[in-house]
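Spelled out from the first residue to the last, the chains are:
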Amino acid sequence: MWIAYICCPRPAARTGVARHTRLSLRRVRLVGFVFYLASGLLIPAHSGMAQSPLAWEQQWDKTVSAAKKEGKLVVFGPAGDLIRNALVEAFKKSFPSIAFEYVGGRAAEQAMRIKAERDGGVFSIDVFIGGSVTMMELGSSGALEPIETALLLPEVKETKYWRDGRFEFTNPSTRYNLVFSSQPNPPVIYDPNQVKINEIDELYELLDPKWKGKIVLNDPLPAGPAASLFRWLWRILGTDKATDYFRKIRAQAGAVDRDQRRQIEWIVYGKYAWLLAPNNSILYQLAQRGLKFGILPEFKDYGTHIGTGSGCIALMNRAPHRNAALLYINWFLNKKAQGVWSRVLNLQTRRVDVPLEHIPSYLIVKPGGHYWVSYYEKDGIRSGREEAVIKELFGR
């Protein structure tokens with residue numbers, strides 16, 4: 001250890017130079033103090049004084065090593081080439097020794113496959129990325145682990161990096177899945193050649209007889225943006241008014257469709273005038289390819305609902321490549337990967353350090369906005385009466 005000795009002159013007599021001497025003494029003492037602090041940085045690292053790696057670093061290194069030995073990762077997530085390329089190729093560049101199998105599709109259909117496999121004793125999936133309702137169903141069936149123990153990196157597990165300074169879960173008591181992305185859902189897209197926006201910007205204007213046979217409804221029966229929108233309407237209108245509205249909007253429809261890409265293309269090419277409950281991520285993917293359509297951000301009288309889209313992530317129970325799953329979850333939730341997700345899907349991540357400049361204003365949650373949050377478990381499951389009405393009108 002090196003110690004600096006600072007020699008200070010004796011106090012000066014009270015002469016004309018006294019003030020100058022006092023200032024010099026202060027400067028000397030300051031320099032001595034700085035030197036003393038700096039000397040602490042020069043202390044050699046003897047064996048008994050060396051700092052051991054932080055606990056999280058040890059755990060992370062162990063997880064990465066074990067994941068490389070497992071050599072494989074299976075993730076179920078949303079469909080789309082842009083999503084697949086962003087999620088798969090970026091991870092492969094970071095961890096080329098891990099074979100990454102990404103299966104894209106509609107969340108409700110993927111959940112059915114998972115259930116069928118598990119009923120047969122097959123456990124092939126490590127991580128699931130999807131919507132809130134599907135996550136609730138998987139969690140209630142025992143297919144998920146609480147996700148917080150999977151968060152290892154400080155930049156992921158520290159809540160200061162997340163909106164409102166907290167993690168968001170569809171069920172705060174079970175905490176099975178993390179909501180990493182949530183945004184307002186535009187209720188309607190339309191063909192500007194057939195529709196002026198002020199003709200449809202109030203909820204009950206959609207029931208105008210002039211639209212009969214000219215509209216398409218995204219099917220609300222399976223999990224997805226339409227199910228979320230219809231739950232929202234059920235809550236804000238109440239049982240009787242919502243039942244009446246559902247019957248009337250169903251009678252207006254020229255088509256009820258589950259192909260969320262095709263129904264948007266129908267609007268683009270003028271087959272129908274407007275679409276109720278479009279899929280946000282597919283809207284953006286098609287817009288990137290030059291397809292044109294008008295967007296209604298919210299109803300003037302009722303606002304809109306906030307959903308997750310495919311913005312939930314979960315660790316599967318009995319994941320066959322558990323360390324690779326932990327690795328992927330932390331990689332996916334860090335700033336860089338969330339930035340990629342946000343740019344590819346044009347959606348707002350809940351990380352506060354990811355820029356928003358590329359996102360349209362209608363997809364950004366605004367303070368004081370007229371929103372209903374659709375993804376909490378207490379609101380995410382239909383009541384018995386609501387389920388009966390939906391099945392009566394849209395069942396096949």
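These notes cover the structure that comes with them. Numbers given to residues run from 1 along each chain, matching the order in which its sequence is written. Given that this is a predicted model, residues contribute local features only at a pLDDT of at least 70 and side-chain atom pairs are listed and counted only at 80 or more, while totals for whole chains, interfaces and linings are drawn from all residues. Think of the side-chain values as coming from all heavy atoms in the structure, minus any hydrogens and water.

### A closer look at the pattern of salt bridges
It is possible for side chains of opposite charge to pair when their charged atoms get near one another.
So, point 1. Definition used for salt bridges: Asp or Glu carboxyl oxygen within 4 Å of a side-chain nitrogen of Lys or Arg. Tallied over the entire structure, the rule returns 23 salt bridges.
So, point 2. Residues E148 and R175 are paired through a salt bridge, measuring 2.4 Å at the closest nitrogen-oxygen approach. On the criterion of sequence distance, the pair formed by E148 in the loop between β4 (144-145) and α6 (154-157) and R175 in the loop between α6 and β5 (177-179) is long-range, its members being 27 residues apart.
So, point 3. With a closest N to O distance of 2.8 Å, R351 and D353 form a salt bridge.
So, point 4. Classification of R351 by relative accessible area gives buried; the value is 2%.
So, point 5. Note on classification: 1.4 Å probe, protein chains only; a residue is buried when its accessible area is under 20% of the maximum for its type, exposed when over 50%, partly exposed between these limits. On the basis of relative accessible area, D353 is assigned to the partly exposed category, the value being 22%.
So, point 6. Three or more residues are tied together by salt bridges with common partners; here these are D164, R166, E168 and R350. Helix and strand labels come from DSSP, where a helix needs a run of H or I of at least four residues and a strand needs a run of E of at least two; each type is numbered from the N terminus.

### Describing the sheet that holds strand β8 (residues 215-218)
So, point 1. Here we have 5 strands laid out as an open sheet, ordered β9-β8-β10-β7-β11, and mixed in their pairing. Strand pairing shows two members of the sheet lacking a second neighbour, β9 (253-257) and β11 (294-296), which therefore form its edges. Sheet twist, expressed as the mean angle between neighbouring strand axes with direction ignored, is 20°.
So, point 2. Two elements, strand β7 (residues 188-190) and strand β10 (residues 274-276), share 3 bridges in a ladder whose sense is antiparallel. Pairing of V188 across the sheet is with L276, part of β10. Two strands qualify as a pair provided that DSSP identifies no fewer than 2 bridges between them. Lines fitted to C-alpha atoms define the axes, with helix axes restricted to the stretch in contact, and inter-axis angles between N-to-C directions lie between 0 and 180 degrees.

### Details of the packing of aromatic side chains
Think of a pair of aromatic rings as described by two things: how far the centres are apart, and how the planes are tilted against each other in angle.
So, point 1. Working definition: rings of Phe, Tyr and Trp (its six-membered ring) pair if their centres are within 6.5 Å, and the pair is stacked with planes under 30 degrees apart, edge-to-face with planes over 60 apart, and tilted otherwise. All told, the structure shown has 21 aromatic pairs when counted by the stated rule.
So, point 2. For the ring pair F91 and F100, a centre distance of 5.3 Å and an interplane angle of 70° mean the geometry is edge-to-face.
So, point 3. When its relative accessible area of 10% is taken as the criterion, F100 is described as buried.
So, point 4. Aromatic pair W234 and F246: ring centres 5.8 Å apart, planes at 40°, arrangement tilted. One end of the pair, W234, is in helix α7 (residues 225-237); the other, F246, is in helix α8 (residues 239-252), with 12 residues separating them in the sequence. By the burial criterion, W234 is buried, and F246 matches it.

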